[in-house]
Structures are given as C-alpha cells and as structure tokens.
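Here is how the chains run, residue by residue.
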Amino acid sequence: MVTRTRFDDSDCPVARSVDAIGDWWSLLIVRDAFDGSRRFGEFQRSLGVAKNILTARLRSLVAGGVLESVPASDGSAYREYVLTAKGRELFPVIVALRQWGEGNFFAPGEPHSQLVDRRRGERLRALEVRSADGRLLDSDDTTVLKVSAE
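In this text, all values refer to a predicted model and were calculated from it rather than measured experimentally.

Some details on the nonpolar core
Then comes step 1: Core analysis: the largest hydrophobic core is formed by 17 residues, its most contacted members being Ile 29, Val 30, Phe 43, Leu 58, Leu 61 and Leu 67.
Then comes step 2: Considering every element that reaches this core, the biggest residue donor is helix 2 (residues 24–34), with four residues.
Then comes step 3: With residues up to four places along the chain from it excluded, the contact list for Phe 43 reads Ile 29, Asp 32, Ala 33, Ser 37, Arg 38, Gly 48, Leu 54, Leu 58 and Tyr 81.

In structure tokens:
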C-alpha cells in the first residue's frame, strides 16, 4: 500500500490546506454542508459515495476542525455535521472553484448549477484578488515571501 505524503508540517499554507481538505470527496462534503446537508444520509445521497469513504472523510473533517459533530436538531438519536468557523472560512474557496468550473468546463448554454445571492436571486460577481490599496492583481503581480519564526 502506498503511504500518503503528509504536508501538515510544511512551511507552505497551500500545502497545509491541501493536507487538511485536499481530496475531492472532502471538498464536495464541504460544498454540500454549505448547501444545507447535515446528516450522513444526506451527504451519501448527494454524493453517491461509499459509506466507508464518507465515514473516513467526515471523521477527518471533524478531526481537522472543519466540521463539528453535534446532536441532531430534531432531538433524535442521530448526529449532524455542521461547519465550524474554520469550515465557514472555506466559502471563498468553494466559490472560486465553482466560478472557475463554470468558466472552464461548461459549453455555452450547457445546463449547470449556479450560486446566487439569496436575497436578490442574482449571480455573484467574479471573485477578485486585490492588493491592500485596492488594485486588481493577477499572478504576475505577486510573489511568495517566507515569514521567519518570531
């Protein structure tokens, strides 16, 4: 069996993030949590993933502080999975992936889901990366600097 490479001690924030939620099932679970899924069965119906894989990913997301397992809101014996503050901070990541996917993997006019403003029913503006002074940036405008330990 191939051992998974871990990045939880990397000095790169992208590597640590991928280590925490880097497989597609985990990102789709987080997407579904944003869409209102809370119970194991809801995630399984939406994703069509095997129970053992879903169980492992949910445990990993709970252990990583992305989801929290809480008593069911209806008072039943079931458990529900809710996004933590850390998990809710993934919202821009999910929006960026959605917008990138809409722009690159669908032919014009091809049906797909859209994320809209709940209050107005309008599509969201494209995410932008801006400098501290508000300038629009792209990859050529940035560089990575190592932060030394304090």
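Alright, that's what it looks like, and here's the rest.
Quick word on the pairing of strand 2 (residues 79–83)
Then comes step 1: Of all five residues in strand 2, four are buried; the element is thus mostly enclosed.
Then comes step 2: Relative to strand 2, strand 1 (residues 67–71) runs antiparallel, the two being bridged by five bridges. Each bridged residue has a counterpart across the sheet, and for Pro 71 the counterpart in strand 2 is Arg 79.

Here we look at the confidence of the model for the chain
Then comes step 1: The share of residues in the chain with pLDDT of 70 or more is 96%, and the mean pLDDT across the chain is 91.
Then comes step 2: The secondary structure element of the chain with the lowest average pLDDT is helix 1 (residues 13–21), at 81, and the one with the highest is helix 5 (residues 85–88), at 98.

Some points on the side chain of Thr 84
Then comes step 1: Position of Thr 84 among the secondary structure elements: in the loop between strand 2 and helix 5.
Then comes step 2: Contacts of Thr 84, omitting those with residues within four sequence positions, involve Gly 65, Val 66, Leu 67 and Glu 68.

A look at helix 4 (residues 51–63)
Then comes step 1: For helix 4, which comprises 13 residues, the first-to-last C-alpha distance of 18 Å matches the rise-based estimate of 18 Å (1.5 Å per residue) to within 8%.
Then comes step 2: Packed against the buried residues of helix 4 are helix 1, helix 2, helix 3 (40–47), strand 1 and strand 2.
Then comes step 3: Downstream of helix 4 by a residue or two, Gly 65 has a phi angle that is positive, lying close to 80°.

Description of helix 1
Every α-helical turn comprises 3.6 residues, leaving residues that sit three or four positions apart pointing alike.
Then comes step 1: All of the buried residues in helix 1 are Ala 15, Asp 19 and Ile 21.
Then comes step 2: On its buried face, helix 1 is in contact with helix 2 and helix 4.

Regarding the environment of Arg 57
Then comes step 1: Relative to the assigned elements, Arg 57 resides in helix 4.
Then comes step 2: Given a relative accessible area of 23%, Arg 57 falls into the partly exposed group.
Then comes step 3: The spatial distance from the C-alpha of Arg 57 to the C-alpha of Ser 26 is 5.9 Å, given a sequence separation of 31 residues.
Then comes step 4: Those residues in contact with Arg 57 that lie beyond four places of it in its chain are Asp 23, Trp 25, Ser 26 and Ile 29.
Then comes step 5: For Arg 57, the side chain forms a polar contact with the side chain of Asp 23, separated by 2.8 Å.

About the cut-offs
Residues numbered from 1 in each chain as written. Predicted model: local features only at pLDDT ≥ 70, side-chain atom pairs only at ≥ 80, totals over all residues. Heavy atoms only, no water. Core = buried A, V, L, I, M, F, W, Y, C linked by side-chain atoms within 4.5 Å. Buried < 20%, exposed > 50% of the residue type's maximum accessible area, 1.4 Å probe, protein only. Helix = DSSP H or I, 4+ residues; strand = E, 2+ residues; numbered from the N terminus. Contact = heavy atoms within 4.5 Å. Pairing = 2+ DSSP bridges. pLDDT = per-residue confidence, 0-100. Expected span 1.5 Å × (residues − 1). Polar contact = N/O pair within 3.5 Å; in protein donor to acceptor, adjacent residues only side chain to side chain.

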